[in-house]
Amino acid sequence: MDEYNRFVDWDKMDVTVQSQDAKELTCTEFQELKQLARQGYWAKNHSLRAKVYHKLISNIPCRTVTPDANVYRDIVVKIVGKRNSSSLPLPEFVDNSLVPTYCLNAEGIGAVRKIILCIANQFPDISFCPALPSVIALLLHYSKDEAECFEQVCRILACNDPSKRLIDQTFLAFESSCMTFGDLVNKYCQAAHKLMVAVSEDVLEVYSDWQRWLFGELPMVYIARVFDVFLVEGYKVLYRVALALLKFFHKVRAGQPTESDSIQQDIRAFVRDIAKSVSPERLLEKAFAIRLFSRKEIQLLQMANEKALQQKGITVKQKSLLNYCFSVFCIVFLRQNVHLAVHAENFKSEIVSVKEMRDIWSWIPERFALCQPLLLFTTLEHGCSLSRFYSHSEGHEPTLLLIKTTAKEVCGAYLSTDWSERRRGGNKLSFFGTGECFVFRLQPEVERYEWVIIKHPELATTGSEPENHAPPAPSTLSSSSVPPDPSDRLSPFLSARHFNLPSKTASMFMAGSSECIIIGGGDGQALYLDADLNHGRTSHCNTFNNQPLCSESFQISVLEVWGFRD
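Cut-offs used in this document
- Think of each chain on its own: its residues are numbered from 1, step by step along the sequence as written.
- Reporting of local features is limited, given that this is a predicted model, to residues whose pLDDT is at least 70; pairs of side-chain atoms are given and counted only at 80 or more, and all residues count toward the totals for whole chains, interfaces and linings.
- Just so you know, side-chain values use all the structure's heavy atoms and leave hydrogens and water out.
- Helix numbers and strand numbers start at the N terminus; a helix is a DSSP run of H or I with at least 4 residues, a strand a run of E with at least 2.
- We call two residues contacting when some pair of their heavy atoms lies within 4.5 Å.
- Residue burial considers only the protein chains on display, and all accessible areas are found by Shrake-Rupley using a 1.4 Å probe.
- For this analysis, a ring pair means two rings from Phe, Tyr or Trp (six-membered ring only for Trp) whose centres lie within 6.5 Å, classed as stacked if their planes differ by under 30 degrees, edge-to-face if by over 60, and tilted for the remaining angles.
- Here's how the labels work: a residue is buried when its accessible area is under 20% of the maximum for its type, exposed when over 50%, partly exposed in between, all with a 1.4 Å probe on protein chains only.
- Here, over-ring charges are defined by two tests on the NZ atom of lysine or the CZ atom of arginine: distance to the ring centre within 6 Å, and angle to the ring normal within 35 degrees.
- Only buried residues count toward a nonpolar core. Its members are Ala, Val, Leu, Ile, Met, Phe, Trp, Tyr and Cys residues joined through side-chain atoms within 4.5 Å.
- Two kinds of site are reported from a 1 Å grid over the protein atoms alone, namely cavities, where a 1.4 Å probe fits but cannot get out, and pockets, open sets with protein on both sides within 12 Å along at least five of seven lines, and residues are called lining when an atom falls within 4 Å of a point.
- Grid points are joined across faces, edges and corners, and a volume is the space filled by probe spheres set on the points.
- Segment limits for the domains were obtained from an automatic or database-derived domain assignment.
- The pairing criterion for strands is at least two bridges between them, as found by DSSP.

1. With respect to the overall build of the chain
Along its length, the chain carries 21 helices and twelve strands. Within the chain, contacts between residues separated by at least 24 positions form 74% of all contacts whose residues are at least 6 apart in sequence. Per element, the accessible surface of the chain, about 24,300 Å² overall, is 49% carbon and sulfur.

2. Describing the packing of aromatic side chains
Overall, the coordinates contain 26 aromatic pairs when judged by the stated rule. Ring plane angle 50° and centroid distance 5.9 Å describe the contact between F368 and F564, whose orientation is recorded as tilted. Taken together, the residues F368 in the loop between α18 (354-361) and β1 (372-378) and F564 in strand β12 (residues 553-565) connect sequence positions 196 residues apart. Neither F368 nor F564 differs from the other in exposure class; each is buried. Between Y414 and F438 the ring centres are 5.3 Å apart and the planes differ by 15°, which places this aromatic pair in the stacked class. Of this pair, Y414 sits in strand β3 (residues 410-415) while F438 sits in strand β5 (residues 438-443), and the two are 24 residues apart along the sequence. We classify Y414 as buried; its relative accessible area is 0%. Among the aromatic side chains, those forming a connected cluster through ring pairs are W361, W363, F368, Y414, F438, F440 and F564. Directly above the ring of F288 sits R38, whose terminal nitrogen or CZ lies 3.7 Å from the centroid. In this structure, K286 packs its charged tip against the face of F248, placed 5.8 Å from the ring centre.

3. What to know about the nonpolar core
The biggest cluster of nonpolar side chains holds 122 residues, and the ones touching the most others in it are I119, I136, I156, W210 and L214. At eleven residues, the largest contribution of residues to this core is made by helix α12 (residues 236-253). Not counting residues up to four positions away in its chain, the partners in contact with I119 are I126, L132, I136, F150, V153, C154 and L157. I519, L533, C550 and V561 belong to the second largest nonpolar core, which has 27 residues in total.

4. Considerations on empty space enclosed by the protein
Inspection of the entire model under this criterion finds two cavities of 30 Å³ or more. Counted as a void, the second largest cavity has a volume near 60 Å³. Around the second largest cavity, the lining comprises ten residues; the ones closest to its centre are D183, K187, W363, P365 and E436. The leading source of residues in the lining of the second largest cavity is helix α7 (residues 171-188), at three residues. Summarising the domain contributions, the lining of the second largest cavity has at least three residues from each of domain 2 (170-319) and domain 3 (332-455 + 504-565).

5. Some details on the pairing of β5
Consecutive side chains along a regular strand alternate between the two faces of the sheet. β5 sits mainly inside the fold: five of its six residues count as buried. The pairing of β3 with β5 spans five bridges and is classified as antiparallel. Bridge assignment links A413 to a residue of β5, and that residue is V439.

6. Side note on the environment of Y528
Turning to its location among the elements, Y528 is positioned in strand β10 (residues 527-530). Along the chain, Y528 and A511 lie 17 residues apart, while their C-alpha atoms are 9.7 Å from each other. If sequence neighbours within four positions are ignored, Y528 has contacts with C516, I517, I518, H535, G536 and R537.

7. Observations regarding the layout of surface pockets
Computed from the structure, the largest pocket encloses a volume of approximately 830 Å³. In terms of lining residues, the largest pocket is bounded by 31 residues, among which P162, S163, K164, R165 and L166 are the most central. Sorting the residues of the lining of the largest pocket by element identifies α6 (146-157), α11 (220-233), α12 and α15 (295-311) as the ones contributing at least two each. No other element matches the six residues that α15 contributes to the lining of the largest pocket.

All quantities given are derived from atomic positions and should not be read as evidence of function.
Following this line, the structure appears as structure tokens:
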């Protein structure tokens, strides 16, 4: 074997991984590296993969003072002493994570614990890092000794490039990543999400496992292929693979009874045994077939989720019993959005049932899952006055609009932006809102429609707004300019300023004046409500699917606006 075999139990390794075909890696261009990583160019040559990992990790920009191999040699004896490495206690920040063996021999398994303890000594700012044992166990395969592995892990942890996120090291970052993953599941795995909501009372607790699927349950051959691409492309790859795992789980298990009382345990078991149904190549192929948001957009969503957690005081995993119970309560409340936020005994609507409201709640962005529905306006109590509609709705962001027609049709919209934004256009009817907005139908059947930019990201190119827009088509409607610095907004995600769009389609989702409300945009209005809030109409709009929300012209029986209460 080669010089990187010290910690490997080759009897447990797949023989194909031991290929010694002579290969070289001479390219340095990102796009070429990206393609080679996805194709598994160095996957079947143990020595080549070790050299590639060393090269990629050595190019990670790090803090000026980053612990290296010499530091490890200096401190390991002082920290470990003569204790048996297999019984060394792990630091709290790994959160009782699985310590995968990944076909390591006995020396390698003990080395994982030693390196973790030395990292804890050198990185006192790490407060929560459950992925660390898996990363160390994997890199030991491709290290000459413990000190080299320690140095490589330290470089990953000490990355100081703000645009290159690698491993979560705080409870806040970890929790917000779980919320972000839940948001992405909601957008890209709707069938799987529907199953999770149906069979689990704690859907976000299921999604909080997403890193464990990768760094714990996924077999060695699979996580190594994922890590190949991760070192080149970064954190977004992890989201992609986790989404692909969930898609395959739903495909394989759809229509079958759960194997245990917990969907969470079923997914873990599926990932552990994924070789029975999906190859590593097929998994990556599926992952990269997902038309995922750009890094910029995912970063915005992550920041919004972190902000929501900070506002609730959920930033660390508390140690004391009292604080721990409070923290766990907050997180459980945050996670059990569908069932805890919509209380059957406290919820009353003339349009939707508790079950229907829970269905809607499962669609909203995760950072609002910790909120409860609050009735702001209803035509049954406040009358059919558009001015009262505005006065009761303004100051609340986001809001939920529900409509029941005299024909018993039920539809609505999730609106990301405060209705007071309508004033930015002066006396002109101007559009505003963000790409998190969506419309939906509950009766005669349930259907959710999303903005075309979310559903078909190939129609939009991320980037700054062009200076010279195409002239808008003749219309009585005008687009409002996008606020230059909405960093303090509650819903910054996917606003039109992040897309290279012509002005006539930018932010065209919601609009309001003293004469009407419009939800939709583009070549026609998706939903148009008259000033008296008694009549409405729908028409084809290229921002939604072709199926109608409700009748082309309808009379409103009841209209409600709901806010989100902490």
